[in-house]
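In case you want the letters, here they are:
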Amino acid sequence: CQVRLAPNTEADRPIFLRKHLMDVHTVAVDVLKSEGQEKRLVSLVGCPGTGKTLCGWLVCYSLHNEGKTTLHLTIRGNLVIAVSAFKTKKIYRIDDWKFSMLEEILTETNCNVCIMDVGEKTPVETNAIFRGVRTILENPEEPKPFLQVKFMGLVSGHGEENIVGKEFNISDITQRLVLWSWTEEEFNALLKKMKESEKDLPKEDAYSICGGSVRGLFSVDRVKQSIHSAVLKMSQDEIGKLHNFDIPQGDQGHKQRNTLLAFRPRGTECFTEGISGADFIHRSEYVMHCIKHFQKANFQQVKQMYEML
């Protein structure tokens, strides 16, 4: 695909985009540009490196071209980067995210769509950020504040519930989406495109190490170190939970698990079901190698992991 990521760039940037990513993009755009109130929140989750950030920007730009006033918020550490209508960019320094800041930014920009990319915040931090969104959506006041605004949340790993919350009324107005990790076939298709474009290629063993995280394909040694470190830090009990895909929402070790796991479609391949439409698997053969090397799982568990992979 030829995709222009920002207006008024000098040239189109050729990027290999999976059909799945474009399907997710299309569903998100359709929900967020609709005039009705039936759906007001889009939840997009996926493991690190699968393309959530790219998808968020593509959705934002597509809506911009549809005439919607967009606000893209990137929340990283103590910085909030706000890009309004692809015209203005402001950076806020914060000690802690407050609901009042969201109200202030929404009032200032008067946007139709607010896309919030929280990266790899902890589950507690993520929940606090999106509690503000849920507060707006649940507000009983008349006239309702920010009634024109629809939201999209992007979270790494398994934090769908941290966007949506537990209340049925929020679930009813939410479109859940999941970005599956890359398959080896998709990786090979990317390689083919890169060869045609005479680009520098990843190492031959890149997929066996990085698995479905395409972001790591060009920094394989760094990925190996992060996987090695993540496994080394985990206790026997945590390895057992990882093997059983027991992923507690409030677990502070979620970042290590995100490094080691991937999403694959469950049966019907319905990405619009969110997490309920996805299976967890171990990200790569190298993850298996590290677990076996540190002997933090018995032979039968490691055998089952390889069979699953």
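Structure: see above.
Because the structure is a prediction, the values reported are computed rather than measured. (Residues numbered from 1 in each chain as written. Predicted model: local features only at pLDDT ≥ 70, side-chain atom pairs only at ≥ 80, totals over all residues. Heavy atoms only, no water.)

A. Local environment of the overall build of the protein. A count of helices and strands for the protein gives 13 helices and eleven strands. Per-residue burial for the protein yields a buried fraction of 52% across its 309 residues. Partitioning the intrachain contacts of the protein with sequence separation of at least 6 by distance along the chain shows that 68% fall at a separation of at least 24. A total of about 15,300 Å² of accessible surface is found on the protein, and carbon and sulfur atoms cover 49% of it. (Helix = DSSP H or I, 4+ residues; strand = E, 2+ residues; numbered from the N terminus. Buried < 20%, exposed > 50% of the residue type's maximum accessible area, 1.4 Å probe, protein only. Contact = heavy atoms within 4.5 Å. Areas by Shrake-Rupley, 256 points an atom, 1.4 Å probe, with all protein chains shown as cover.)

B. Quick look at the packing of helix H1 (residues 19-33) against helix H2 (residues 52-65). Running from N to C, H1 and H2 cross one another at 45°; their axes reach a closest spacing of 9 Å. The angle between the axes of H1 and H2 places the two elements in the oblique class. Taken as a pair, H1 and H2 cross one another with a handedness that is right-handed. In contact with Leu-21, Met-22, Val-24, His-25, Ala-28, Val-29, Leu-32 and Lys-33 of H1, H2 contributes Leu-54, Cys-55, Leu-58, Val-59, Ser-62 and Leu-63. Classifying every residue of the contact of H1 with H2 by side-chain character gives eleven nonpolar, two polar and one charged. (Axes fitted to C-alpha atoms, helices over the stretch in contact; angles between N-to-C directions. Parallel < 35°, antiparallel > 145°, perpendicular 65-115°, else oblique. Left-handed = near helix turned anticlockwise from the far one by under 90°. Nonpolar A, V, L, I, M, F, W, Y, C, P; charged D, E, K, R; others polar.)

C. Just unusual backbone geometry, in detail. Residue Glu-142 is joined to Pro-143 through a cis peptide bond whose omega torsion reads -5°. Assignment of secondary structure puts Pro-143 in the loop between helix H4 (123-138) and strand E8 (150-156). A positive phi angle, near 55°, is found at Phe-86, a position not held by glycine. Assignment of secondary structure puts Phe-86 in the loop between strand E5 (79-84) and strand E6 (88-93). Located in the positive-phi region is Asn-110, a residue other than glycine, with phi close to 50°. Structurally, Asn-110 can be placed in the loop between helix H3 (99-109) and strand E7 (113-117). Owing to a relative accessible area of 52%, Asn-110 belongs among the exposed residues under this scheme.

D. Structural detail: H2. The end-to-end C-alpha separation of H2 is 20 Å, in line with the 20 Å expected for 14 residues at 1.5 Å each. Those residues of H2 lying buried are Lys-52, Cys-55, Gly-56, Leu-58, Val-59, Cys-60, Tyr-61, Ser-62 and Leu-63. Taken from the residues just after H2, Gly-67 is the one with a positive phi, measuring 95°. (Expected span 1.5 Å × (residues − 1).)

E. Molecular detail of the sheet that holds E5. Spatial strand order, E6-E5-E4-E7-E8-E3-E9: seven strands in an open sheet with mixed pairing. One side of each edge strand has no neighbouring strand; the edge strands of this open sheet are E6 and strand E9 (174-179). Shown here is a sheet whose adjacent strand axes are inclined to one another by a mean of 15°, direction ignored. The pairing of strand E4 (residues 70-76) with E5 spans six bridges and is antiparallel. The residue of E5 that forms the bridge with Ile-75 is Val-80. Across the sheet, H3 touches E4, E5, E6, E7 and E8, and the angle it forms with E4 is around 150°. The strands touched by H4 within the sheet are strand E3 (41-46), E4, E7 and E8, with E8 carrying the most contacts at an inclination of about 165°. (Pairing = 2+ DSSP bridges.)

F. The arrangement of the pattern of salt bridges in detail. Per the stated rule, a full pass over the model turns up eleven salt bridges. Ionic pairing is found between Asp-23 and Lys-19, a salt bridge with its closest N-O pair at 3.0 Å. You can see Asp-23 and its partner Lys-19 sitting in helix H1, four residues apart, about one turn around the helix. Under the relative-accessibility criterion, Asp-23 is labelled partly exposed at 26%. With a relative accessible area of 62%, Lys-19 lands in the exposed category. (Salt bridge = Lys/Arg side-chain N within 4 Å of Asp/Glu carboxyl O.)

G. Spotlight on the environment of Pro-145. Mapped onto the fold, Pro-145 is located in the loop between H4 and E8. A relative accessible area of 24% places Pro-145 in the partly exposed class. In this structure, the C-alpha to C-alpha distance between Pro-145 and Glu-103, residues 42 residues apart in sequence, is 9.4 Å. Once residues lying within four places of it in the same chain are set aside, the contact partners of Pro-145 are Ile-136 and Asn-139.

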